[in-house]
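If you want the building blocks of each chain, they are given just below.
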Amino acid sequence: MNKELFYSELSKDLKKKFGTSVEKALPWQLHESLSATVMELIDSDWENSKKAHLDSRRACYLSMEFLMGRAVYNNLLCLGITDEVDELLKAHGRSLNDLEEIEDAALGNGGLGRLAACFLDSAAAHDLPLDGYGIRYKYGLFKQKIVDGFQKEEADNWTKYGDPWSKRCENDKVVVKYGDQTVYAVPYDMPVIGFGTKNVGTLRLWQAESVEDFDFAQFDCGNYDGAVKAKNDAENISKVLYPNDNCEEGKILRLKQEYFFSSASVTDILKKHLAKFGTLDNLGDYITIQLNDTHPVIAVPELIRQLCAEHSYDFDKAFEIAHKVFNYTNHTIMAEALEKWDCRLVEKVVPEVYTYILMINERFIKDMYALKKDREYISKLSPVGDGMVKMAFMAIYVSSYINGVAAIHTEILKKDALKDWYELYPERFQNKTNGITQRRWLALCNPELSALITKLLGNADWVKDLDELKKLEKYADDEAVLNEFMAVKEAQKNRLAAFVKEHDGVDIDPNTIFDIQIKRLHEYKRQFLNALSILYIYYGIKDGSIKDFTPTTFIFGAKSAPGYRRAKAIIKLIGEISKLVNADPDTKDLIKVVFVQNYNVSYAEKLVTAADVSEQISTAGTEASGTGNMKLMLNGAVTLGTYDGANVEIVQEAGEENNYIFGARVEELAEIMPKYDPREILFSNDKIKRMLDKLIDGSLSDGGVPSNEEGSFKELYKALTDGASWHVPDHYYVLGDLESYVQAKLKVNADYKDKLAFAKKCWLNIANAGKFSSDRTIKDYAENIWKIEPVKL
Ligand SMILES: *Cc1c(COP(=O)(O)O)cnc(C)c1O
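Let me sum up the structure you'll find in this document. Predicted model only: the values in this text are computed from it and were never measured.

Scanning the protein from N- to C-terminus turns up 32 helices and 23 strands. Its C-alpha atoms give the protein a radius of gyration of 27 Å, within 12% of the compact-globule value 28 Å for 793 residues. In terms of principal-axis extent, the alpha carbons of the protein reach across some 80 × 75 × 60 Å. Across the 793 residues that make up the protein, the buried fraction comes to 61%. Counting only contacts in the protein whose residues sit at least 6 apart along the sequence, the fraction spanning at least 24 positions is 77%. Here the protein contributes 100 positively and 122 negatively charged side chains, and the mean placements of these two sets differ by 1 Å.

Here it is as structure tokens:
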């Protein structure tokens, strides 16, 4: 990089856009101009890469969510110019730290959206022609404040100060038609800069706009309201991200969003292909589309519709092309997340597409007749049935490949959740254990640990080949190295403590164990179990049954869907427990509980580096994979977790003896749950009874939520003991796993006393984290599903 030139371009941009200078610019102005300067720097590489991708067989990743986080630091890292730019800024009294206040691009809820972001990064770094397609929400995931223990949501107007990492591509705008509405989809492209290569991938996010700025015909008639409404109705489609993680809502606007980006992406892909080849006959040879969960599955009938209605293919030929093109990733087996749409609603919103959905369904029935399947079987598996369109079934029927996201998850799909489908099409099922990019989740967020690793290995090859970390195993008994590691961990804990103080106004002591649970707030993730275990330990310390407890700071970070009352009650409960234990003179030096506000990618970058203990405690069989578990492992935390999702593979890699596994396993739960009665635990275990009584006897106050209403502590209690109309008592086996969880927690706590032995466990986790790079995942997709090759640039 030419520093002088960079500086002069940056200065010029600041002067032109804001009439200011590097010295005087506000942080957001500096961000705007710095980003614009980098965009200029990569422009020709990006153009070349776009062309190279279009010239190759390429993969298109369709996802409703991309949780990108902050772009600026990552982009500088990938270009290898972080230090130079920082020095340059420092020469003018500024620094890259000034950009800490820049907001995340939070166009996703949690793991699913972050996975999409990690995949783009990995593909770009390894020259794979993969491009993302999604929605440019005006408002991303809400910002969270905790006020008096309650979650408060605020709108996330993330482009308020501009969006310097996007390029509006007016020429590529397309039309999207609904039964009652026609809108433009305008693409905004974001570069995905490959680390240490000229390859730059593209994330194409569609924005909904009115086909005419205002309907002037209506103006002429004096119908101003009508004209404005049409514009707003169009823009509303991409206005806001639905804040539900792992839970479907079934709303018209949601279906419109799904169709919006699916249709626009298909149109775009066909247009580009036609322009190049003059035919769509060979589409399947050049294009493969990955459907990230069921949200983009409407792209399947949409592709068939476009081929038939706009390119005069017959249905069977169109179906054959779609079969070659599509693949589907399943992310969950939980019933509430399996998307089904009311047929009447689909017919109303996208009538033409609905016709093709029915034709797909007819074709399925015909196939099944040919296989001599009976009526019962057919109606069980039909993509359309019971008045609903079953998105997962449609995806599986049409796709070439279907994958789960961790070994155990894929096994559950094959043996249980999708057993019939697996038996029908065994060759279609694959596993692709999720991963995370070590660029963001180690090199960027933990420069101190990165430096230590690079020093020991003698090079930084691990940044593009995480299996290199295995060579660190030989230092597992090297006291000097472990001491260096402990010094890094301490520095990270100090840094986090300072940030929590500044951001959340809470003092935490870096000399305590940092026990961290960060992920969306959901019953299946069992933050409730964690909270109850803390209460259990609190009373144990008070009555003397728990002795020699190593001081521990329990940190939670999580957003709840705004309408998820029980999850919100759990946030409030954690707040009340925090007040109780932090104030009690018997415990305040031993236990501290903190719920940090607005957990997002940037906060995650700080939290994962400072953890000693990684809480991964979902009920076995509910967390498809998890990726938070991998981030914490990579940064040297031990996992305290259940045999669920990728935890299984984490302990396989790093050793059960270096982690803390507890609780009932999937096979055990299958036996237990049908006859499980949590009240038996309550009546036979005084400690659990004593603790749970605090939820209903007024010791812990839920802040006046009416007692019989969902969202109160009494309701949390009742969910454990009596269940509700929609679930059995203690559906997630919180009380069943509580004792073994507390025992495992106390074991970690005791083991930590031998700091060197504990550091060794952490170290072995780092050394064995290679498998969890999204580079490994993406290469597996490339080879075994997409059949794509690296581009030459
Ligand atoms: C990684 C990540 C997640 C996923 O965490 P899990 O523990 O796998 O659920 C969610 N949100 C953010 C901000 C993340 O960075």
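Where helix H21 (residues 527–542) meets helix H30 (residues 734–751), the closest approach of the two axes is 10 Å, and the angle between their N-to-C directions is 60 degrees. The angle between H21 and H30 places the two elements in the oblique class. Note that H21 runs across H30; the crossing there is right-handed. Counted together, Leu529, Asn530, Leu532, Ser533, Ile534, Tyr536 and Ile537 of H21 and Val734, Leu738, Glu739, Tyr741, Val742, Lys745 and Leu746 of H30 form the full contact between these two elements. Of the residues assigned to the contact of H21 with H30, the class counts are 10 nonpolar, 2 polar and 2 charged.

Okay, the sheet that holds strand E18 (residues 513–518) next. The strand order E20-E19-E18-E21-E22-E23 describes an open sheet built from 6 strands, whose pairing is parallel. Looking along the sheet, the strands with just one partner apiece sit at the ends: strand E20 (591–596) and strand E23 (660–661). Here strand E21 (residues 613–616) pairs with strand E22 (residues 638–641) via 4 bridges, running parallel. Bridge pairing in E22 links Val613 to Val638. Helix-sheet contacts for helix H23 (residues 601–610) involve E18, strand E19 (552–557) and E20, and the interaxial angle to E18 is about 140 degrees.

Okay, the pairing of strand E6 (residues 150–154) next. As paired strands, strand E5 (residues 143–147) and E6 are joined by 5 bridges and run antiparallel to one another. Paired with Lys145 across the two strands is Lys152, which belongs to E6. Between the end of E5 and the start of E6, which pair antiparallel, lie 2 residues, with Asp148 showing a positive phi angle near 55 degrees.

If you check which residues of helix H11 (residues 315–325) are buried, you get Phe315, Ala318, Phe319, Ile321, Ala322 and Val325. Seen from one end, H11 has its buried residues packed into an arc of 160 degrees, which puts them on one side. Its side-chain oxygen at 3.2 Å from the backbone nitrogen of Asp316, Asp314 defines the N-terminal cap of H11.

Checked against the element boundaries, Gly140 lands in the loop between strand E4 (130–135) and E5. Note: C-alpha distance between Gly140 and Ala498 (358 residues apart in sequence) is 27 Å. Discounting residues that sit within four places of it in the chain, Gly140 has contacts with Ala106, Leu107, Asp156, Trp158 and Leu241.

On to the site of the ligand, then. Close contacts around the ligand come from 14 residues, with Lys519, Lys525, Thr627, Gly628 and Lys631 the closest. Here an oxygen atom of the ligand sits 2.6 Å away from a polar atom, N or O, in the side chain of Lys519. Within the complex, the protein chains bury 96% of what would otherwise be the 390 Å² of accessible surface of the ligand. Mapped onto the shell around the ligand, the elements with two or more residues apiece are H23 and helix H24 (628–634). The residue inventory of the shell around the ligand, partitioned by class, reads 5 nonpolar, 6 polar and 3 charged.

This next bit is on the nonpolar core. Counting 256 residues, the largest nonpolar core has Phe260, Trp421, Leu472, Ile591, Trp763 and Trp786 as the members making the most contacts within it. Counting residues per element, this core draws most heavily on H21, at 11 residues. Excluding residues that lie within four positions of it along the chain, Leu472 makes contacts with Ile453, Leu456, Leu457, Trp763, Ile766 and Ala767. Counting 5 residues, the second-largest nonpolar core is a separate cluster that includes Ile408, Ile412, Tyr643 and Val648.

For the rest of this paragraph, the subject is the state of the cysteines. Summed over the entire model, instances satisfying the criterion amount to 0 disulfides. In this model Cys60 remains outside any disulfide bridge; the closest cysteine sulfur is found in Cys169, 15 Å from its own. A disulfide-free cysteine, Cys445 has its sulfur positioned 11 Å from the sulfur of Cys118, the nearest such atom. What makes Cys445 buried here is its relative accessible area of 4%.

Glancing now at the pairing of strand E11 (residues 287–292). Counting buried positions along E11 yields 6 of 6 residues, so the element is predominantly enclosed. Side chains Ile287, Ile289 and Leu291 of E11 all project onto a buried face; the interleaved residues Thr288, Gln290 and Asn292 project onto the opposite face, where all are buried too. Of the pairings in the sheet, the one linking E11 to strand E12 (residues 326–329) comprises 4 bridges and is parallel in character. Bridge assignment links Gln290 to a residue of E12, and that residue is Asn327.

Turning our attention to the pattern of salt bridges. Scanning the model with the defined rule gives 70 salt bridges in all. Glu87 is the salt-bridge partner of Lys3, the closest N and O atoms lying 3.0 Å from each other. With Lys3 in helix H1 (residues 3–18) and Glu87 in helix H4 (residues 82–90), the pair connects residues that are 84 residues apart, well separated along the chain. Beyond isolated ion pairs, a larger network of salt bridges with shared partners links Lys50, Asp172, Asp189, Arg204, Asp268 and Lys272.

Let's shift gears to the packing of aromatic side chains. For the structure shown, the criterion picks out 21 aromatic pairs. When the ring of Tyr178 is compared with that of Tyr259, the centres are 5.7 Å apart and the planes differ by 65 degrees; the resulting orientation is edge-to-face. One end of the pair, Tyr178, is in strand E8 (residues 174–178); the other, Tyr259, is in helix H8 (residues 252–277), with 81 residues separating them in the sequence. For Tyr178, a relative accessible area of 6% gives the class buried. On the basis of an interplanar angle of 45 degrees and a centroid distance of 6.2 Å, the ring pair of Phe315 and Phe319 is categorised as tilted. Placement of the pair is Phe315 and Phe319 together in helix H11, with a separation of 4 residues, close to one helical turn. Neither residue differs from the other here; Phe315 and Phe319 are each classed as buried.

Criteria and cut-off values
- Residues numbered from 1 in each chain as written.
- Predicted model: local features only at pLDDT ≥ 70, side-chain atom pairs only at ≥ 80, totals over all residues.
- Heavy atoms only, no water.
- Helix = DSSP H or I, 4+ residues; strand = E, 2+ residues; numbered from the N terminus.
- Rg over C-alpha atoms; globule rule 2.2 N^0.38 Å.
- Buried < 20%, exposed > 50% of the residue type's maximum accessible area, 1.4 Å probe, protein only.
- Contact = heavy atoms within 4.5 Å.
- Lys, Arg positive; Asp, Glu negative; His and termini not counted.
- Charge placed at Lys NZ, Arg CZ, Asp CG, Glu CD.
- Axes fitted to C-alpha atoms, helices over the stretch in contact; angles between N-to-C directions.
- Parallel < 35°, antiparallel > 145°, perpendicular 65-115°, else oblique.
- Left-handed = near helix turned anticlockwise from the far one by under 90°.
- Nonpolar A, V, L, I, M, F, W, Y, C, P; charged D, E, K, R; others polar.
- Pairing = 2+ DSSP bridges.
- Arc of directions from axis to C-beta.
- Polar contact = N/O pair within 3.5 Å; in protein donor to acceptor, adjacent residues only side chain to side chain.
- Near = heavy atom within 4 Å.
- Areas by Shrake-Rupley, 256 points an atom, 1.4 Å probe, with all protein chains shown as cover.
- Core = buried A, V, L, I, M, F, W, Y, C linked by side-chain atoms within 4.5 Å.
- Disulfide = S-S within 2.5 Å.
- Salt bridge = Lys/Arg side-chain N within 4 Å of Asp/Glu carboxyl O.
- Phe/Tyr/Trp six-rings, centres within 6.5 Å; stacked < 30°, edge-to-face > 60°.

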